[in-house]
Amino acid sequence: MVPGADIMHGEAVNVDGFFCVVLSFLRGYIDMDTVNRIFNCMKLLNLPTNSSDLQLDLAWQSCKDAIEHRHGEQRIPLITEIGESICVSDITEEELKHALELMAKFDH
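Keep in mind the model is a prediction, meaning the values are calculated, not measured.

Engineer: Is there a simple way to explain unusual backbone geometry in this structure?
Structural biologist: It is generally the case that most residues other than glycine have a negative phi and that most peptide bonds are trans. We note that Asn46 has phi near 60 degrees; this positive angle belongs to a residue other than glycine. Position of Asn46 relative to the elements: it lies in the loop between helix H2 (32–44) and helix H3 (56–69). The exposure class of Asn46 is exposed, given its relative accessible area of 70%. Of note, the phi angle at Arg75 is positive, near 50 degrees, even though the residue is not glycine. With respect to the secondary-structure elements, Arg75 resides in the loop between H3 and strand E1 (76–81).

So, in structure tokens, the structure goes:
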């Protein structure tokens, strides 16, 4: 996340995990029932599912940083069902924008 942000590393990992769940939904890999199931599980465990620090510019910079550190590939993990995932390397800034818009609709 952001240096100095008021969120612990593990919490940031969970926020990123939910962000990837939303991206998976937007790509049609999972349905909204699965998104809600994961979201509800995270909430029952009192895990954060969003952060005010997660903004489009940060998300896009993270994708660009991933390319730099992962041999030219983003390798973003997206789920195809609970317990199954794929890694993709073609996430666009527009997709990130839509994911952030959808995340904002959840009752975090």
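Engineer: How should the environment of Arg37 be read in this particular structure?
Structural biologist: Assignment of secondary structure puts Arg37 in helix H2. On the basis of relative accessibility, which here comes to 58%, the residue Arg37 falls in the exposed class. Separated by 45 residues in sequence, Arg37 and Ile82 place their C-alpha atoms 9.6 Å apart.

Engineer: Which parts of the structure should I look at to understand H3?
Structural biologist: Side chains that are three or four residues apart share a direction in an α-helix, a result of its 3.6 residues per turn. The first and last C-alpha atoms of H3 sit 20 Å apart over 14 residues, in line with the 20 Å expected at 1.5 Å per residue. Ala59, Cys63 and Ala66 are the residues of H3 that are buried. On an axial view of H3, the arc spanned by its buried residues comes to 60 degrees, and they lie on one face. Exposed side of H3, more than 90 degrees from the buried face: Asp57, Glu68 and His69 are the residues found there. Taken together, the buried residues of H3 touch helix H1 (9–26) and helix H4 (93–103). Where H3 terminates, the next one or two residues include His71, which has phi positive at roughly 55 degrees.

The rules behind each value
Position labels on residues start from 1 in each chain and follow its written sequence. Side-chain atom pairs in this predicted model are given and counted only at pLDDT of 80 or more, local residue features only at pLDDT of at least 70, and totals for whole chains, interfaces and linings cover all residues. To get the side-chain values, all heavy atoms of the structure are used, and hydrogens and water are removed first. Helix and strand assignments come from DSSP, with helices taken as H or I runs of at least 4 residues and strands as E runs of at least 2, each series counted from the N terminus. With a 1.4 Å probe rolled over the protein chains alone, any residue whose accessible area is under 20% of its type maximum counts as buried; one over 50% counts as exposed, and the rest are partly exposed. Expected span of a helix: the number of residues minus one, times 1.5 Å. Summarising the geometry, the arc corresponds to the directions from the helix axis toward the C-beta atoms. For this analysis, residues touch if any pair of their heavy atoms sits within 4.5 Å.

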